Amino acid sequence: MGRIEWAMWANEQALASGLILVTGGIVAVAAQFKGWPFAAYSIAAGVFVCLLEYPRGKRKKGSTMERCGQKYFTAVVKVFGPVTRNYYVRAILHAALAVPAGFLLSTILGTACLGIASAIYLLAAIRGEEWNPIEQKPQERPQVGGGTIKQPPTMPPPRPPVETRKKQPAEVAGQENPIPVAVEAE
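J.: I'm lost on the side chain of Glu53 in this one. Help?
T.: Relative to the assigned elements, Glu53 resides in helix H2 (residues 36-53). On the accessibility criterion, Glu53 (0% relative accessible area) is buried. A distance of 2.8 Å separates a polar atom in the side chain of Glu53 from a polar atom in the side chain of His94.

See below:
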């Protein structure tokens with residue numbers, strides 16, 4: 001059996017928890033809850049987590065589906081270098097971001113999810129995983145003729161003779177009803 005790549009699961013968990021933090025924070029700020037400054041913090045922390053976690057890391061084996069528009073966020077994450085590449089740093093960062101949001105009921109779910117993501121990132125770091133960007137492979141232009149693309153067909157496909165392609169009249173085309181039908185007179 002193959003090894004589980006824990007960072008992939010942590011990435012999905014952290015992205016979802018960032019969205020949950022933002023949602024809970026918006027609810028608390030809009031309703032002017034008693035601890036609404038914690039909710040404002042949760043909105044900022046959730047947006048930061050979403051921006052950090054949006055680009056997926058490259059898997060060691062197999063292919064990785066790139067998220068829509070990920071290349072723009074990847075460039076930003078790559079700028080910070082080892083700080084964002086190291087999963088120990090991400091685990092500590094997510095744990096620290098989760099603590100203040102835990103003081104408000106509307107953001108406690110996002111806090112719990114971010115704590116779980118932090119634990120998964122710690123497990124990924126212990127197993128030696130590291131974030132690597134998904135590199136775009138240069139696209140090779142296919143060669144017409146000798147390459148993989150074949151020339152389009154020059155002859156049309158075979159068709160039946162014209163006589164058999166014509167539609168039959170309605171009387172001939174109809175089906176016979178095997179059950180006799182009696183028409184009642186008025």
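That was the structure; now back to the text.
J.: Please explain the packing of H2 against helix H5 (residues 87-101) as it appears in this structure.
T.: Between two packed helices, the angle of one axis relative to the other and the distance separating the axes together describe the packing. Between H2 and H5, the least distance of the axes is 9 Å, while the angle of their chain directions is 160°. Relative to H5, the element H2 lies roughly antiparallel. Seen from above, H2 lies across H5 with left-handed handedness. Judged by residue contacts, Phe38, Tyr41, Ser42, Ala45, Phe48, Val49, Leu52 and Glu53 of H2 engage Arg90, Leu93, His94, Ala96, Leu97, Pro100 and Ala101 from H5.

J.: Can you help me understand the side chain of Glu129 in this one?
T.: Residue placement: Glu129 occurs in the loop between helix H6 (108-126) and helix H7 (162-165). Among the polar contacts listed, one links the side chain of Glu129 to the backbone nitrogen of Trp6, at a separation of 3.0 Å. Those residues within four positions of Glu129 in sequence are excluded, and the remaining contacts are Ile4, Glu5, Trp6, Ala7, Lys60, Tyr87 and Ala124.

J.: So what exactly am I meant to see when it comes to the environment of Ile4 here?
T.: Looking at the secondary structure, you find Ile4 in the segment before helix H1 (6-30). When its relative accessible area of 44% is taken as the criterion, Ile4 is described as partly exposed. Taking the C-alpha atoms as reference points, Ile4 and Ala124, separated by 120 residues in sequence, lie 9.3 Å from one another. Ignoring anything within four residues of it in the chain, the contact list for Ile4 reads Trp9 and Glu129.

Conventions and cut-offs
- Residues numbered from 1 in each chain as written.
- Predicted model: local features only at pLDDT ≥ 70, side-chain atom pairs only at ≥ 80, totals over all residues.
- Heavy atoms only, no water.
- Helix = DSSP H or I, 4+ residues; strand = E, 2+ residues; numbered from the N terminus.
- Buried < 20%, exposed > 50% of the residue type's maximum accessible area, 1.4 Å probe, protein only.
- Polar contact = N/O pair within 3.5 Å; in protein donor to acceptor, adjacent residues only side chain to side chain.
- Axes fitted to C-alpha atoms, helices over the stretch in contact; angles between N-to-C directions.
- Parallel < 35°, antiparallel > 145°, perpendicular 65-115°, else oblique.
- Left-handed = near helix turned anticlockwise from the far one by under 90°.
- Contact = heavy atoms within 4.5 Å.

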